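Structural overview for review
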Amino acid sequence: MEPRYCKPVIILTLLISVATTTTGLKACNFPAIFNFGDSNSDTGGLSAAFGQAPSPNGETYFHTPAGRFSDGRLVIDFIAEGLRLPHLSAFLDSVGSNFSHGANFATAGSTIRPQNTTISQSGYSPISLDVQSVQYSDFHRRSSLLSRQGGVFAELVPKEDYFAQALYTFDIGQNDITSGYKLNMTTDQVKAYIPDVLHQFSIAIKNVYSQGGRSFWIHNTAPLGCLPYILDRFLVTAAQIDKYGCATPFNQVAQFFNTKLKETVIQLRKGLPLAAITYVDVYSIKYILITQAQKLGFEKPLIACCGHGGKYNYNGHRKCGSKITVNGKEIVIANSCKNPSVRVNWDGVHYTEAANKWLFNQLVNGSFSDPPLPLRMACQRMDH
């Protein structure tokens, strides 16, 4: 099953639906964002803990490495800008951070379920969603104490009422799927553990809700079979490659995860009567971008902009920014392409700033959301 295409009639219908749905609703005033996730939304967590994402990461917008695995801004950065809030500081980053308008608990390589490996063994972050959830609870408690005490540190944390009024964003689960394949599991074995993964996801949502959080913005997972690192790393037969060059089995597993995630969201709505939970179909948006890249002004969607060698310009041992030493001098051998602004994939795993901006522009109006509410109205609870 392939997701819907971005045809004008469909988009027009979606926009009319959104306009009808939102008539008479007031825009929300989100004073803060709290984000949970993996590298798709990490603004510096993993870099603070394990070392900075190297140059040329950050080159387009920040003009220096900025804790993001991209040449520039991520979708979460555009979400913050769209709500007229500053970019989120990573909770783990102690240098120059200001948490007055929220915090980012995401780290690259995070999974929902804790992994039984170290980061050096598997590349997966030890800061899984349950850890992020504990960090949030601690942040909330300590922020409340600081707010009451006043003084200089009180200015750097959210006001107490911000926690109830904030937008809580989640973008995690991709690494839970790939972790099974890295352990040589079959597709059926990967599918078998997804219900437990989503049970643990539910626990994190309920934890935020129990502390007063009410507005949730949940991204589903991407078409994994269209990522260069998947195409390079795993054995895929010619028969398993679709007409766009993506690996069908991995996309099907991602769709299975997303179906179960949507079912989980429906159950959460029933159990959390005061919550407004928006499910965002990022899979479809990304699939449209990759499969219709040329029409949309992009090129080479399955080839990494920053990498080294191979069919997809991706090498797991020579990742973006990798260096070698020649005659005592360090030379970068995994450089950026000449024009990231027309490329979809940044480093084999993540998206370019240009792609992230395009993705944000598709999701912000709610046409890929359930309920079909724009970002600025995500505090509104709809009857289902």
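As shown above, the structure is provided for reference.
Figured I'd write up the structure that's included with this text. (Residues numbered from 1 in each chain as written. Predicted model: local features only at pLDDT ≥ 70, side-chain atom pairs only at ≥ 80, totals over all residues. Heavy atoms only, no water.)

Let us look at the overall build of the protein chain. Looking only at helices and strands, the protein chain features twelve helices and eight strands. In summary, the protein chain has a C-alpha radius of gyration of 20 Å against a globular reference of 21 Å for 384 residues, a match within 12%. Based on the C-alpha atoms only, the size of the protein chain along its principal axes is roughly 60 × 55 × 40 Å. In the protein chain, which comprises 384 residues, the proportion classed as buried is 55%. Considering only contacts in the protein chain between residues 6 or more positions apart, those separated by 24 or more positions represent 71%. With the model as given, the accessible surface of the protein chain reaches about 16,900 Å², and the carbon-plus-sulfur share is 54%. The distance from the centre of the 34 positive side-chain charges to the centre of the 27 negative ones in the protein chain is 3 Å. (Helix = DSSP H or I, 4+ residues; strand = E, 2+ residues; numbered from the N terminus. Rg over C-alpha atoms; globule rule 2.2 N^0.38 Å. Buried < 20%, exposed > 50% of the residue type's maximum accessible area, 1.4 Å probe, protein only. Contact = heavy atoms within 4.5 Å. Areas by Shrake-Rupley, 256 points an atom, 1.4 Å probe, with all protein chains shown as cover. Lys, Arg positive; Asp, Glu negative; His and termini not counted. Charge placed at Lys NZ, Arg CZ, Asp CG, Glu CD.)

A complete count under the given rule lists ten salt bridges for this structure. A salt bridge links Asp77 to Arg68; its shortest N-O distance comes to 2.8 Å. When sorted by exposure, Asp77 lands in the same class as Arg68, which is buried. Connected via shared salt-bridge partners are Arg73, Glu81 and Glu353. (Salt bridge = Lys/Arg side-chain N within 4 Å of Asp/Glu carboxyl O.)

In contact at an axis separation of 10 Å, helix H8 (residues 187-210) and helix H10 (residues 248-271) are set at 30° when each is read in the N-to-C sense. Classified by the angle between their axes, H8 and H10 sit roughly parallel to one another. As for how H8 packs across H10, the hand of that crossing is right-handed. For the pair H8 and H10, the contacting residues are Thr187, Val190, Lys191, Ile194, Val197, Leu198, Phe201, Ser202, Ile205 and Lys206 in the first and Val253, Phe256, Phe257, Lys260, Leu261, Thr264 and Leu268 in the second. When grouped by side-chain class, the residues that make up the contact of H8 with H10 number eleven nonpolar, three polar and three charged. (Axes fitted to C-alpha atoms, helices over the stretch in contact; angles between N-to-C directions. Parallel < 35°, antiparallel > 145°, perpendicular 65-115°, else oblique. Left-handed = near helix turned anticlockwise from the far one by under 90°. Nonpolar A, V, L, I, M, F, W, Y, C, P; charged D, E, K, R; others polar.)

A word on the sheet that holds strand S4 (residues 215-219). The strands making up a sheet associate through backbone hydrogen bonding, with each pair oriented either parallel or antiparallel. Pairing in this open sheet of six strands is mixed, and the strands run S2-S1-S3-S4-S5-S8 from one edge to the other. With partners counted over all chains shown, the strands left at the sheet margins are strand S2 (102-104) and strand S8 (369-370), one partner each. Looking at chain direction, S4 and strand S5 (residues 276-280) are connected through five bridges and run parallel. Paired with His219 across the two strands is Val280, which belongs to S5. Here helix H3 (residues 75-82) sits on the sheet and contacts strand S1 (33-37), strand S3 (167-171) and S4; the angle it forms with S1, its principal contact strand, is near 165°. (Pairing = 2+ DSSP bridges.)

Before going further, it helps to examine the packing of aromatic side chains. Under the defined criterion, the tally for this structure stands at 26 aromatic pairs. Judged by centre distance (6.1 Å) and plane angle (65°), the rings of Phe34 and Phe139 are edge-to-face. Here Phe34 is found in strand S1, whereas its partner Phe139 is found in helix H5 (residues 129-149), with 105 residues between them in sequence. Centroid distance Phe36 to Phe105: 5.3 Å. Interplanar angle 20°. Geometry classified as stacked. Separated by 69 residues along the polypeptide, Phe36 in strand S1 and Phe105 in the loop between S2 and helix H4 (119-122) bring together distant segments of the chain. Exposure class is identical for Phe36 and Phe105. Each is buried. Just above the ring of Phe256 sits the side chain of Lys191; from NZ or CZ to the centre is 5.2 Å. (Phe/Tyr/Trp six-rings, centres within 6.5 Å; stacked < 30°, edge-to-face > 60°. Lys NZ or Arg CZ within 6 Å of the ring centre and 35° of its normal.)

Further remarks concern the state of the cysteines. Across all of its chains, the model carries four disulfides by this definition. For Cys28, the disulfide goes to Cys379, at an S-S distance of 2.0 Å. Linking Cys28 and Cys379, the disulfide has an S-S dihedral of approximately -95° and is accordingly described as left-handed. Residue Cys28 is located in the loop between helix H1 (8-22) and S1, and its partner Cys379 is located in the segment after S8; the two are separated by 351 residues in the primary sequence. With relative accessibility at 15%, the residue Cys28 sits in the buried group. Relative accessible area serves as the criterion here: at 30%, Cys379 is assigned to the partly exposed category. Through a disulfide, Cys226 is tied to Cys246; the S-S separation comes to 2.1 Å. (Disulfide = S-S within 2.5 Å.)

Here the focus is the environment of Gly316. Relative to the assigned elements, Gly316 resides in the loop between helix H11 (282-291) and strand S6 (323-326). The sequence separation of Gly316 and Tyr209 amounts to 107 residues, and the corresponding C-alpha distance is 39 Å.

A surface patch of nonpolar side chains, about 290 Å² in accessible area, is lined by Val152, Phe153 and Leu156. Positionally, Phe153 belongs in the loop between H5 and helix H6 (162-165). (Patch = residues over 30% accessible without salt bridge, like charges linked within 9 Å, V, L, I, M, F, W, Y side chains within 5 Å.)

Of all five residues in S4, five are buried; the element is thus mostly enclosed. Residues Ser215, Trp217 and His219 point to one face of S4 and Phe216 and Ile218 to the other, with burial holding for every one of them.

The phi angle of most residues is negative, glycine excepted, and most peptide bonds adopt the trans form. Residues Ser55 and Pro56 are joined by a peptide bond in cis, for which omega reads 15°. Along the chain, Asp370 connects to Pro371 via a cis peptide bond; the corresponding omega equals -5°. In this structure, Asn184 is a non-glycine residue whose phi angle is positive, near 65°. By the secondary structure assignment, Asn184 is in the loop between helix H7 (174-182) and H8. If you check the backbone angles, Asn313 has positive phi at about 55° while not being a glycine. Tracing the sequence through the fold places Asn313 in the loop between H11 and S6. Owing to a relative accessible area of 19%, Asn313 belongs among the buried residues under this scheme.

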